[in-house]
Amino acid sequence: MRAKQTTLYSINDLILRFDELIPCKTAFIDARTPGSDKKENFCLIGGGVAENPGQVVHINIPHGFDIGGARQPHGCKNSHHSHDTEEVFFVHKGEWKFTWGHDGSDGEVILKAGDTISIPTQVFRGFENVGPDDSFLFSVLGQSDDGTAGNVIWAPYVFKAAAGHGLVLLEDGRLIDTAAGDKIPADGLIATPTSDDDLEQFATLTKKDFLNCVLFENELQGMPESNLGNNKVSEYAVIGVDNANENIGAGKMGWPHNFQVRRLQIQPGGKIPSHTRSEEEVVFVHSGTLTVSTPETAFKLNPGDLFSAPIGMSRSYSNDTEKLADIIVVRRGNNPDAAEFS
């Protein structure tokens, strides 16, 4: 039996406008380390792995995955770290260099707008904006069985580089800003830096291995399409296993993530009629304009805007402009049900 929506939300609570997003500039232990001190992190849906308890969470509704973002100026780096759950990045703006290994020496790859990467667990990764302007990454984080994304595991050099800049990481993942006058709690244990022995637990990847975790935009047209498509709508598999429910094959990164990532492209005049789903669905506009219509209202999403459709909410998607609408879609679970049309 298909799941029904059990909780009603205000539409305005489910729409995020790119220009209104609230960043955190001290989300992680390296946030004051020279070279990493100008990055901005965003918790769009769920708290993700942010270490600062003051981080603004824009939509705090369980989805089975978390959505975040990173904005960095040219030359700004995100230090090397690992995760216990999958971390997926879609390049919305700019040009980014991803490196892997605990010190970044195992290899590097350049990703540009429209490219997607899914980095396996227990692999150290870091990234740097190498483009000329401020750049933006849209991210999806998987969750553990306890419904959280876990904590970040930092490379050994990160603790050394952060020393003396006022940010202290506790074992439970909380970040204490001593420079702002915060005190380390009496029961707080300072995190032990990752040791050389600890590094033996983490995977090393060849460049070929790592490139199997990347979908470049020019590879998109070769991806499987779902049964949602028509002559003006294409939905491509990007992340996740093959799904008979939607008659679609696996994405290039086709291992289980407990969420699916799709690329939805709607030509001018194209439309997906009114429908509901049995899973939460998040749409993020990469380019163009998407019109979303529900029984209560209609609204437009522009580049960088996000909408989260709850289980059972009726909606249609259309492109009423003369330009392609290019959208990232995230759905809960490895095998989402097909859309149920009205």
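Conventions we followed
- Residues numbered from 1 in each chain as written.
- Predicted model: local features only at pLDDT ≥ 70, side-chain atom pairs only at ≥ 80, totals over all residues.
- Heavy atoms only, no water.
- Helix = DSSP H or I, 4+ residues; strand = E, 2+ residues; numbered from the N terminus.
- Rg over C-alpha atoms; globule rule 2.2 N^0.38 Å.
- Buried < 20%, exposed > 50% of the residue type's maximum accessible area, 1.4 Å probe, protein only.
- Lys, Arg positive; Asp, Glu negative; His and termini not counted.
- Charge placed at Lys NZ, Arg CZ, Asp CG, Glu CD.
- Pairing = 2+ DSSP bridges.
- Contact = heavy atoms within 4.5 Å.
- Core = buried A, V, L, I, M, F, W, Y, C linked by side-chain atoms within 4.5 Å.

A.B. asks: How should I be thinking about the overall build of the chain in this particular structure?
C.D. replies: Secondary structure assignment for the chain yields two helices and 25 strands. Taking 2.2 N^0.38 as the reference for a compact globule, 342 residues should give roughly 20 Å; the C-alpha atoms of the chain span a radius of gyration of 20 Å, in line with that estimate. Evaluated residue by residue, the chain yields a buried proportion of 54% over its 342 residues. Of the side-chain charges in the chain, 29 are positive and 47 negative, and the distance between the mean point of each set is 6 Å.

A.B. asks: Looking at this structure, I do not really get the sheet that holds strand β17 (residues 259–266). What am I missing?
C.D. replies: Either a parallel or an antiparallel arrangement is found when strands of a sheet pair, and the pairing is made through backbone hydrogen bonds. As summarised here, the arrangement of the six strands in space is β1-β22-β19-β24-β17-β16, forming an open sheet in which the pairing is antiparallel. Looking at which strands have only one partner, the edges of the open sheet turn out to be β1 (15–16) and β16 (233–239). The pairing of β1 with strand β22 (residues 306–309) spans two bridges and is classified as antiparallel. What sits directly across from Ile15, in β22, is Phe307.

A.B. asks: I keep staring at the environment of Ser342 and nothing clicks. Help me out?
C.D. replies: Summarising the element assignment, Ser342 is placed in the segment after β25 (340–341). Accessibility expressed as a relative area gives 76% for Ser342, which makes it exposed. For Ser342, the residues in contact, after removing those within four places along its chain, are Ser274, His275 and Ser314.

A.B. asks: Please explain the nonpolar core as it appears in this structure.
C.D. replies: Among soluble globular proteins, nonpolar side chains are generally buried collectively. Counting 50 residues, the largest nonpolar core has Phe138, Leu306, Phe307 and Val330 as the members making the most contacts within it. If you tally residues by element for this core, the top one is strand β24 (residues 325–332), at five residues. Apart from the residues lying within four places of it in its own chain, the contact partners of Phe138 are Leu44, Ile67, Gly68, Val88, Phe89, Phe90, Phe284, Leu306, Ile328 and Val330. Ile29, Ala149, Leu169 and Leu175 belong to the second-largest nonpolar core, a separate cluster that totals 21 residues.

A.B. asks: Would you take a moment to explain the pairing of strand β6 (residues 87–93) for this structure?
C.D. replies: Within a regular strand, the side chains alternate between the two sheet faces. Of all seven residues in β6, six are buried, a share of seventy percent or more. Summarising the sheet, β6 and strand β9 (residues 116–119) pair through four bridges and their orientation is antiparallel. Bridging from a neighbouring strand, Phe90 pairs with Thr116 of β9. Of the strand pairs in this sheet, β6 and strand β11 (residues 135–141) are connected by six bridges, and their pairing is antiparallel. For Val91, the partnering residue across the bridge sits in β11 and is Leu137.

A.B. asks: Looking at this structure, I do not really get unusual backbone geometry. What am I missing?
C.D. replies: Where the residue is not glycine, phi is negative for most of them; where a peptide bond is considered, it is trans in most cases. The backbone of Gln122 shows a phi angle near 60°, a positive value even though the residue is not glycine. Tracing the chain through its elements places Gln122 in the loop between β9 and β10 (125–129).

A.B. asks: Hey, could you run me through the pairing of strand β23 (residues 315–318) in this one?
C.D. replies: Here β23 shows no split at all, with Arg315 and Tyr317 on one side and Ser316 and Ser318 on the other all buried. Note: strand β18 (residues 271–276) against β23, three bridges, orientation antiparallel. When the sheet's bridge partners are listed, His275 is paired in β23 with Arg315. Note: strand β20 (residues 290–293) against β23, three bridges, orientation antiparallel. By the bridge assignment, Ser293 is partnered in β23 with Ser316.

Just distances and angles here, no functional claims.
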